[in-house]
Amino acid sequence: MEGISIRISGANGDGIESAGALLSQLLAHNGLYVFGFRGYQSVIRGGLVWYQLKASNSRVYSIGNGVDVFVALTMDALAAGLSNMGENGIVIYDSTVIKTTPAANAKVQFVGVPLMEIALKSGGSFIYRNSVAIGIIGKLLGIDEKTIDIAVGKAFKRKPEEIETNMKVVNSGYDFPINAKLEKKLAIGNAPLEKYLLNGNSAIAIGAYAAGCKFYAAYPMTPASSIMEWFALHEPLGIFFKQTEDEIAAINMTIGAASTGARAMCGTSGGGFSLMVEALGLAGMLEVPIVVVESQRSGPSTGLPTKTEQGDLLFAIHASQGEFPRIVLAPRSIEECFYMTAEAFNLADRYQCPVILMVDLFMSEHSESVDIDPEKVAEERGEIAAASDQQTGRFMRYKITDRGVSPRSLPGSKGLAFVASSDEHDEYGSLISDVLAGIPKYVELRKKMHDKRMRKLDTMLDDGAIGMPTVVNDGADVFMLTFGSTTESATEALELLKSRGINAGLISFAYLHPMPSDRVKKLLEGKRLIDVECNATGQLAKLIAMNTGMVVRDKVLKYDGEAITSREIADGIANYVGKV
Amino acid sequence: MDMLTQESYKSDIKPIFCPGCGDYGVDAALTKAFVDLQIDPDNTVVVSGIGCSSSLPHDLKTYGIHGIHGRALPVAEGVKLANRNLNVIAVGGDGDGYGIGAGHFVHAIRRNIDITYIVMNNEIYGLTTGQASPTSMIGQKTKSTPFGVIERPINPLALALASGATYVARGFSGDPMHLAKLIGGGMKHAGFSLIDVQSPCVSFNKLNTYDWFRKRVYKLEDSGYNPNDIMKAYEKALEFDMDPNKFPIGVFYETTSPEYEDLDVTLKAGTAVGWNAPKKEEVANVLNEYTTEYA
């Protein structure tokens, strides 16, 4: 898993994200796997932004533990980035603006380059400093100049008037002599290893599109907003998008749309999800299939809006009053963001219930080179009533069935009208909550209706629709337990642990609720387990205890807002097993 | 097709309204409007929230969604936006629409989505047995305001006008034939229509009774009123605030303005958003925006 980590950092407004994206694209094109992530703050100008990526000839699972090439555009960026440097890494700082030469450091090589001066001399403005940096990095990695020009051309496709200046500036950076040596080497190729480079939110949006999602409603909230922006931009594909007045409206509109048969989704972060909670129960009670994306960020309350966390797992599983079936999924990679979103729509339709797709800021916003195959998306629309299904009189929308699922009818279908009601109702959908409540026959019926709905949980487990956790290294001495985004760092930690003489394995969950408890128990029994999560309480461990009775006491937890690294995981595991 | 009558729209569920409740009049007026327009019940969705009046969809043979408190409008908007070929009617009370749902009220109006919204306004919370509502009058004593209401009531008509409403009407459930015309007018209107209905609560509001209304109500159309002038509409919407003896009903304002559905990139095609997943090649085309190849 050898590779090179590159970090470029400055202030908001310095074009750090575009530089990171361009660089990622360039490396991905040149035969490398790329994994990139942007660190930013809840400010529009100033402050600290960084983009860090790791590129390697084999699959990459993180942004790397030590930076090999670091370009700092501001003093703050330089100060904040130094602690992340790897052994003998190169620090390139803009000597036009950073006048204090950093104190000598045996670990790293400092190179002052007048990035601003170069940018201005080549016809750019101060914002072109990032392009100078791209030229310098390209040269250090041994990528040929022509390929870089093509990458620049592609990156500025939408602003063709800026291509020429950018190429000039990049070339000046490329030609600037750098007195430093990059010890690690990458085999630069001339064809991509993987077809695409995209982040989790894009993968979710495209997964929804592939599944036939025709309706997306949302209110802006980091880190889910880029899903909304994807749908806004892609409306011409025939997917309706609505920005709503709040998240309450977003989910209620989604329920309305889904009631017509359209595949509908809404998305938000924890704060917005909190507002959606009552309507989540409405979808459960009306048995309307909807998909809700919950991209977690650091909480509680407003928390750290631009930082990551996995603190909402138990909340999502238990949100809303009363009991109703729901499904909670947590994709563990960019590919799974695509495939599981598509799967979420199938599960919602088959079991007529809300499906919550749990990701987090790190999963939503990090980019990876991946291959995605639309052919693998299957469409299952569940049971829809046809006019011939109607027996006598009114349509029995909530017919009590063995599976708990009752064929639904869609408005516009002749003779199949019914009222979907949030109150407890009979098989037709008529209320048993007012003048019938408490009458013995209806006391019994209430129980039957509740059982009918809840039976869907057993049905989906019996159908095998809810997948088991994935096990890596079955014969390991110790197993990490993860869900969602921490899985990739844990995958990388496996090798670090191996190099320390620890035979570690990984059990990762993408299906969180409902849980096939007996089978999970059987899988976990007799294994040495250490829980790895980005929250303070070990919510996955609690969920496992709740479902299986098995208590996992050892935990490696992180909740400072940054994604957990493979080194932090490996250190934590080594600490428990005694080989530090 | 046979002529549809009021019976064609009535379900076999008996309304839960109290004897004498104003909402019976709304029930009757709505089905009358359906008959007048020969609305297809299978192509109609009536959406409600929570409250006495929100049980109304159960009394009908149309499709219905009886949702949660205050959220009838966003659910109705979702139905209409996903399938603009459906007739969508939202119903509910003053607490539902002007209290907990007030935010949605303003935004649904400014979007001008083709929905008819009927608010059964009784100036009280009935189903929770008699607390003050957002339209309860100053001084009114209720279970939650034993010393009298001290907040100014919401003026739904003025609020609707200020939000950019394109059809604003007020009816009185004591005159269901007149009300049916207002509802029918709203259903025919292209865009959002608000019909605020003064619908007395005989159990918990002893102030705004049928008699109280009958003493004050007059029809705008009888006074030669022209509903195309927004300044006049504001004047009439505020009339009762100025003169507590005058309570106009009728169409306050009507104007022509594009529907949301005709402006939206996707919906202006004129059809429902539909059902089918895209072809695999179409998905591949979208993925190509993220390609690592340099074409």
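If you're wondering where the values come from, they're calculated on a predicted model, not measured in any experiment. (Residues numbered from 1 in each chain as written. Chains lettered and ligands numbered in written order. Predicted model: local features only at pLDDT ≥ 70, side-chain atom pairs only at ≥ 80, totals over all residues. Heavy atoms only, no water.)

1. So, the overall build of chain B
Secondary structure assignment for chain B yields 12 helices and eight strands. For a compact globule of 295 residues, the expected C-alpha radius of gyration is about 19 Å, and chain B comes in at 21 Å, within 12% of that figure. Within chain B, the fraction of its 295 residues that count as buried is 58%. Of all intrachain contacts in chain B linking residues separated by at least 6 positions in sequence, the fraction that spans at least 24 positions is 72%. Taken as a whole, chain B presents about 11800 Å² of accessible surface, with 55% of it coming from carbon and sulfur. Averaging the locations of the 26 positively and 34 negatively charged side chains of chain B gives two centres separated by 6 Å. (Helix = DSSP H or I, 4+ residues; strand = E, 2+ residues; numbered from the N terminus. Rg over C-alpha atoms; globule rule 2.2 N^0.38 Å. Buried < 20%, exposed > 50% of the residue type's maximum accessible area, 1.4 Å probe, protein only. Contact = heavy atoms within 4.5 Å. Areas by Shrake-Rupley, 256 points an atom, 1.4 Å probe, with all protein chains shown as cover. Lys, Arg positive; Asp, Glu negative; His and termini not counted. Charge placed at Lys NZ, Arg CZ, Asp CG, Glu CD.)

2. Comments concerning the overall build of chain A
Assigned secondary structure in chain A consists of 18 helices and 21 strands. Relative to a compact globule of 580 residues, whose C-alpha radius of gyration would be 25 Å, chain A shows 26 Å and is just as compact. Dimensions of chain A along its principal axes, counting C-alpha atoms only, are 85 × 60 × 40 Å. Going through the 580 residues of chain A one by one, you find that 63% of them count as buried. For chain A, the proportion of contacts with a sequence separation of at least 24, taken over those separated by at least 6, is 73%. Total accessible area computed for chain A in this model is approximately 20900 Å², and 52% of it derives from carbon and sulfur atoms.

3. Remarks on the sheet that holds strand E2 (residues 33-39) of chain A
Residue and element names in this part refer to chain A. Read from one edge of the open sheet, eight strands run E6-E5-E4-E1-E3-E2-E14-E7, paired in mixed fashion. Of all the strands in the sheet, the pair left with one neighbour each is strand E6 (109-113) and strand E7 (196-199). Pairwise comparison of adjacent strand axes, ignoring direction, gives a mean angle of 20° for this sheet. Strand direction decides the pairing type here: E7 and strand E14 (residues 367-370), joined by four bridges, are antiparallel. Across the sheet, Leu197 pairs through a bridge with Ser369, a residue of E14. On the sheet, helix H1 (residues 16-29) packs against strand E1 (4-12), E2, strand E3 (46-56) and E7 and is oriented at approximately 5° with respect to E3. (Pairing = 2+ DSSP bridges. Axes fitted to C-alpha atoms, helices over the stretch in contact; angles between N-to-C directions.)

4. Observations concerning unusual backbone geometry
Most peptide bonds take the trans form, and the phi angle of most residues other than glycine is negative. Following A:Thr222, the chain continues into A:Pro223 via a peptide bond in cis, with omega recorded as 0°. Within the secondary structure, A:Pro223 is located in the loop between strand E8 (213-218) and helix H8 (225-233). You will see that A:Asn88, though not glycine, has its phi angle at about 60°, which is positive. With respect to the helices and strands, the residue A:Asn88 is situated in strand E5 (residues 85-94). Under the relative-accessibility criterion, A:Asn88 is labelled partly exposed at 26%. Of note in this structure, B:Glu123 is not a glycine but carries a positive phi near 60°. Position of B:Glu123 relative to the elements: it lies in the loop between strand E4 (116-121) and helix H6 (156-162).

5. Focus on the domain arrangement of chain A
Residue and element names in this part refer to chain A. Here chain A is partitioned into domain 1 (4-193), domain 2 (197-376) and domain 3 (470-577). For domain 1 versus domain 2, the distance between C-alpha centres works out to 33 Å. Between domain 1 and domain 2, the residue contacts involve 16 residues of the former and 14 residues of the latter. Between domain 1 and domain 2, roughly 1300 Å² of surface is buried when both sides are summed, and carbon and sulfur atoms account for 54% of that area. Where domain 1 meets domain 2, there are two salt bridges. Our count for the contact surface shared by domain 1 and domain 2 stands at six residue pairs in polar contact (both at pLDDT 80 or more). For the side of domain 1 that touches domain 2, the secondary structure elements donating two or more residues are H1 and E2. Looking at the side of domain 1 that touches domain 2, its residues break down into eight nonpolar, six polar and two charged. (Domains from an automatic or database assignment. Buried area = accessible area lost by both parts, 1.4 Å probe. Salt bridge = Lys/Arg side-chain N within 4 Å of Asp/Glu carboxyl O. Polar contact = N/O pair within 3.5 Å; in protein donor to acceptor, adjacent residues only side chain to side chain. Nonpolar A, V, L, I, M, F, W, Y, C, P; charged D, E, K, R; others polar.)

6. Some thoughts on the sheet that holds strand E21 (residues 555-557) of chain A
The strands making up a sheet associate through hydrogen bonds between their backbones, and the pairing can be parallel or antiparallel. Residue and element names in this part refer to chain A. Ordered in space as E16-E18-E17-E20-E21, the five strands form an open sheet in which the pairing is mixed. Only two strands of the sheet have a single neighbouring strand rather than two, namely strand E16 (470-472) and E21. Each strand of the sheet is rotated relative to its neighbour by a mean of 20°, with strand direction disregarded. Judged from the three bridges that link them, strand E20 (residues 529-533) and E21 form a sheet pairing that is parallel. Among the inter-strand pairings, Val532 is bridged to a residue of E21, identified as Val556. The sheet strands contacting helix H16 (residues 517-524) are E16, strand E17 (478-483), strand E18 (504-509) and E20, and the helix crosses E18 at an angle near 170°. Running over the sheet, helix H17 (residues 539-548) touches E17, E18, E20 and E21 and is turned about 130° from E20.

7. Quick notes on the interface of chain B and chain A
Contacts between chain B and chain A engage 56 residues on the former and 78 residues on the latter. Around 5500 Å² of area is buried between chain B and chain A when both sides are counted, 63% of it from carbon and sulfur atoms. Counting across the interface, chain B meets chain A through three salt bridges. Of the charged contacts, one joins A:Glu245 and B:Arg111 as a salt bridge, the two residues approaching to 2.6 Å between their closest N and O atoms. Residue assignment for the side of chain B that touches chain A shows that the elements contributing at least two residues are strand E2 (63-66), helix H3 (72-82), helix H5 (102-111) and helix H12 (280-287) of chain B.

8. So, the nonpolar core
All names here are of chain A. Judged by nonpolar contacts, the single largest core of 102 residues is most densely connected at Phe509 and Leu512. The greatest single-element share of this core, amounting to eight residues, is contributed by helix H10 (residues 270-286). A domain-level breakdown of this core finds at least three residues from each of domain 2 (197-376) and domain 3 (470-577). Among all residues touching Phe509, those that are not within four sequence positions of it are Ala330, Arg332, Pro469, Leu481, Thr482, Phe483, Gly484, Met515, Val520, Leu540 and Ile544. Leu27, Val111, Ile148 and Val170 belong to the second largest nonpolar core, which has 58 residues in total. (Core = buried A, V, L, I, M, F, W, Y, C linked by side-chain atoms within 4.5 Å.)

9. As for the packing of aromatic side chains
The full count for this structure, using the stated rule, is 26 aromatic pairs over all chains. Judged by centre distance (4.7 Å) and plane angle (70°), the ring pair of A:Phe37 and A:Phe362 falls under edge-to-face. Note that A:Phe37 is positioned in strand E2 and A:Phe362 in helix H13 (residues 361-365), a separation of 325 residues in sequence. Like A:Phe362, A:Phe37 is buried. Where B:Trp212 meets B:Phe247, the ring centres are 6.1 Å apart and the plane angle is 70°; that geometry is what we call edge-to-face. Highlighted residues: B:Trp212 in helix H8 (residues 210-216) and B:Phe247 in strand E8 (residues 247-254), separated in sequence by 35 residues. Both residues of the pair, B:Trp212 and B:Phe247, belong to the buried class. Put simply, the rings of B:Phe172, B:Tyr210, B:Trp212, B:Phe213, B:Phe240 and B:Phe247 touch in pairs and so form one group of aromatic residues. For A:Arg38, the ring lying beneath its charged end belongs to A:Tyr40, and the centroid distance is 3.8 Å. Of note, B:Arg170 hangs over the ring of B:Phe247, and the distance from its end group to the ring centre comes to 3.9 Å. (Phe/Tyr/Trp six-rings, centres within 6.5 Å; stacked < 30°, edge-to-face > 60°. Lys NZ or Arg CZ within 6 Å of the ring centre and 35° of its normal.)

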